[in-house]
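Below, each chain spelled out in residue letters.
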Amino acid sequence: MYAALADPARLAITDVLTDGDAAPSELAALLAMPSNLLAHHLRVLEAAGLLTRHRSEGDGRRSYLRLVAGSLDAGPGPGGRTARRVLFVCTANSARSHLAAALWRQASTVPAASAGTRPAGAIAPGAIDAAGRRQLPLPRLRPRHISDVRHDGDLVVTVCDQAHEEIGALAALHWSVPDPVAAGDRGSFDAALDELNRRVRVLAPRLVAS
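Residues numbered from 1 in each chain as written. Predicted model: local features only at pLDDT ≥ 70, side-chain atom pairs only at ≥ 80, totals over all residues. Heavy atoms only, no water.

(A) How the structure looks around the pattern of salt bridges. This model, assessed by the stated rule, comprises 17 salt bridges. The closest approach of N and O atoms between Arg199 and Asp21, which form a salt bridge, is 3.0 Å. Remark: Asp21 occurs in the loop between helix H1 (8-19) and helix H2 (24-31) and Arg199 occurs in helix H9 (residues 186-203); sequence separation between them is 178 residues. Linking Arg199 and Glu195 is a salt bridge whose minimum nitrogen-to-oxygen distance equals 2.7 Å. Pair noted here: Arg199 and Glu195 are both in helix H9, with a separation of four residues, about one helical turn. Note on Arg199: relative accessible area 6%, which makes it buried. It is possible to trace a salt-bridge network through shared partners that takes in Asp21, Arg66, Glu195, Arg198 and Arg199. (Salt bridge = Lys/Arg side-chain N within 4 Å of Asp/Glu carboxyl O. Helix = DSSP H or I, 4+ residues; strand = E, 2+ residues; numbered from the N terminus. Buried < 20%, exposed > 50% of the residue type's maximum accessible area, 1.4 Å probe, protein only.)

Encoded structure:
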């Protein structure tokens, strides 16, 4: 692992992926790195067990890279990002984005809200049940479109692949969390809640209110 991280370019890649996932093309653009060189560094990091990749639930031709949970202990460190508010976005604004905002309110004093690119009629019952099992306060808000919710100064975090691919550069961070509504079972909602909680706990100490 230390040998893999000895190269400054690979350190830069892991720094970007600490707060969120990214497609290889997004990494190449962020780091101004040729695609062939990026591919080499990604292979080294994957071989060291630091990175995984998986197919998008939206555009199946696209893949996302993420740090392996627990492979690097990301301490709070200096506040590398500032925001007036965190806006979590998924497609329907019926589960993942509401759960992420609820978790965020427990972890940070920076305000949070949620929205969707194609809002559903109501919060999914499975999300309400999952929050209830964890005693997580989940306001019963009507799903709303991102254009009605987003403000200047928001840090936009997409929590589903399809929403990320729809809004593109509007999202500062992406968390590729599988859709529990599509699966429909209790275990899928619990898994989504666990993954969102893990990511919130990483980002919250690193975000400073603006």
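(B) Broad picture of the nonpolar core. Among the nonpolar cores identified, the biggest contains 45 residues, and Phe88, Trp104 and Trp175 are the most heavily contacted of them. At the level of elements, strand E4 (85-90), helix H4 (96-107), strand E5 (112-116), helix H5 (125-133), helix H6 (146-149), strand E6 (154-158), helix H7 (161-167) and H9 are the ones that each hand at least two residues to this core. The contacts of Phe88, once residues within four sequence positions are left out, are Ser97, Ala100, Ala101, Trp104, Ala112, Ala113, Ser114, Ala115, Val157, Val159 and Trp175. Formed by 16 residues, the second largest nonpolar core is a distinct cluster that contains Leu27, Met33, Leu42 and Leu45. (Core = buried A, V, L, I, M, F, W, Y, C linked by side-chain atoms within 4.5 Å. Contact = heavy atoms within 4.5 Å.)

(C) Examining the pairing of E6 more closely. Of all five residues that make up E6, five are buried, and the element is covered over most of its length. Burial along E6 is two-sided: Asp154, Val156 and Thr158 and Leu155 and Val157, pointing in opposite directions, are all buried. With five bridges connecting them, E4 and E6 associate as parallel partners. When the bridges of E6 are listed, Leu87 appears paired with Val156. Sheet analysis places E6 next to strand E7 (residues 173-174), joined by two bridges and oriented parallel. (Pairing = 2+ DSSP bridges.)

(D) Molecular detail of the sheet that holds E5. Across the sheet, which stays open at both edges, the four strands sit in the order E5-E4-E6-E7 with parallel pairing between neighbours. The outermost strands of the open sheet, each flanked by one partner alone, are E5 and E7. Across the sheet, H4 touches E4 and E5, and the angle it forms with E5 is around 175°. (Axes fitted to C-alpha atoms, helices over the stretch in contact; angles between N-to-C directions.)

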